[in-house]
Amino acid sequence: PLLAFTRSAFVAKKRNYDQPNWFGVALAFGTSAALWAFLFRQHEDDVMEYERRKAERHHKCTGCS
C-alpha cells in the first residue's frame, strides 16, 4: 500500500538520438584535453627536475660544501 506513493530515482525512457547531449560531449572532451595538458606539463616539470638533480650530483665544487 505504501509503495504506490513512492517514486523511483531512475526513470527509464527512450533516448532521443536526433538531439545529442552536446553539453555532455563538450564536457567529456574538455576534461580529457585538460587532463592531457596537465599530464604533459607535469612530465616537463619532472624532466626539468631530473636534469637539475643529475647536474647537481655531478657538481664537484669544494667551496659549496
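What counts, and where the lines are drawn
Residues numbered from 1 in each chain as written. Predicted model: local features only at pLDDT ≥ 70, side-chain atom pairs only at ≥ 80, totals over all residues. Heavy atoms only, no water. UniProt positions renumbered as here; feature names shortened; annotations may be inferred. Helix = DSSP H or I, 4+ residues; strand = E, 2+ residues; numbered from the N terminus. Buried < 20%, exposed > 50% of the residue type's maximum accessible area, 1.4 Å probe, protein only. Areas by Shrake-Rupley, 256 points an atom, 1.4 Å probe, with all protein chains shown as cover. Salt bridge = Lys/Arg side-chain N within 4 Å of Asp/Glu carboxyl O. Phe/Tyr/Trp six-rings, centres within 6.5 Å; stacked < 30°, edge-to-face > 60°. Patch = residues over 30% accessible without salt bridge, like charges linked within 9 Å, V, L, I, M, F, W, Y side chains within 5 Å.

- In the nomenclature of an unreviewed UniProt entry, the protein chain corresponds to NADH dehydrogenase [ubiquinone] 1 subunit C1, mitochondrial from the organism Tricholaema leucomelas.
- Here is the UniProt Subcellular location (unreviewed entry) comment for the protein chain, exactly as written: "Mitochondrion inner membrane".
- The annotation that UniProt attaches to the protein chain under Sequence similarities (unreviewed entry) is "Belongs to the complex I NDUFC1 subunit family."

Brief notes about the overall build of the protein chain
In step 1: When helices and strands are tallied, the protein chain shows one helix and zero strands.
In step 2: Counting every position in the protein chain, which comprises 65 residues, the buried fraction comes to 0%.
In step 3: Accessible surface for the protein chain amounts to roughly 7,100 Å². Of this, 63% is attributable to carbon and sulfur atoms.

Considering the UniProt feature "transmembrane region" (unreviewed entry) in the protein chain
In step 1: Under the present numbering, the feature "transmembrane region" (unreviewed entry) in UniProt falls on residues 20-40.
In step 2: Annotated as 90% helix and 0% strand, the span residues 20-40 places its first and last C-alpha atoms 31 Å apart.

Some remarks on the pattern of salt bridges
In step 1: One pass over the full model with this rule turns up four salt bridges.
In step 2: The partner of Glu 49 in a salt bridge is Arg 53, and the shortest N-O contact between them spans 2.8 Å. On the criterion of helical spacing, the pair formed by Glu 49 and Arg 53 is a turn pair, its members being four residues apart in helix H1 (residues 22-57).
In step 3: A salt bridge links Lys 54 to Glu 51, with the nearest nitrogen and oxygen atoms 3.8 Å apart. One end of the pair is Lys 54 and the other is Glu 51, both in helix H1 and three residues apart, which spans about a single turn.
In step 4: Through salt bridges with shared partners, a single network forms among Glu 49, Arg 52, Arg 53 and Glu 56.

So, the packing of aromatic side chains
The description of two aromatic rings rests on the distance between their centres and on the angle between their planes.
In step 1: For the structure shown, the criterion picks out one aromatic pair.
In step 2: For the pair Trp 36 and Phe 40, a centre-to-centre distance of 5.8 Å together with 35° between the ring planes defines the contact as tilted. Within this pair, Trp 36 and its partner Phe 40 are both found in helix H1, separated by four residues, close to a single helical turn.
In step 3: Overall, Trp 36 belongs to the partly exposed group, its relative accessible area being 48%.

A few points about a nonpolar patch on the surface
In step 1: Taken together, the side chains of Trp 22, Val 25 and Phe 29 define a hydrophobic patch exposed on the protein surface, amounting to about 370 Å² of accessible area.
In step 2: As for its position among the elements, Phe 29 is in helix H1.

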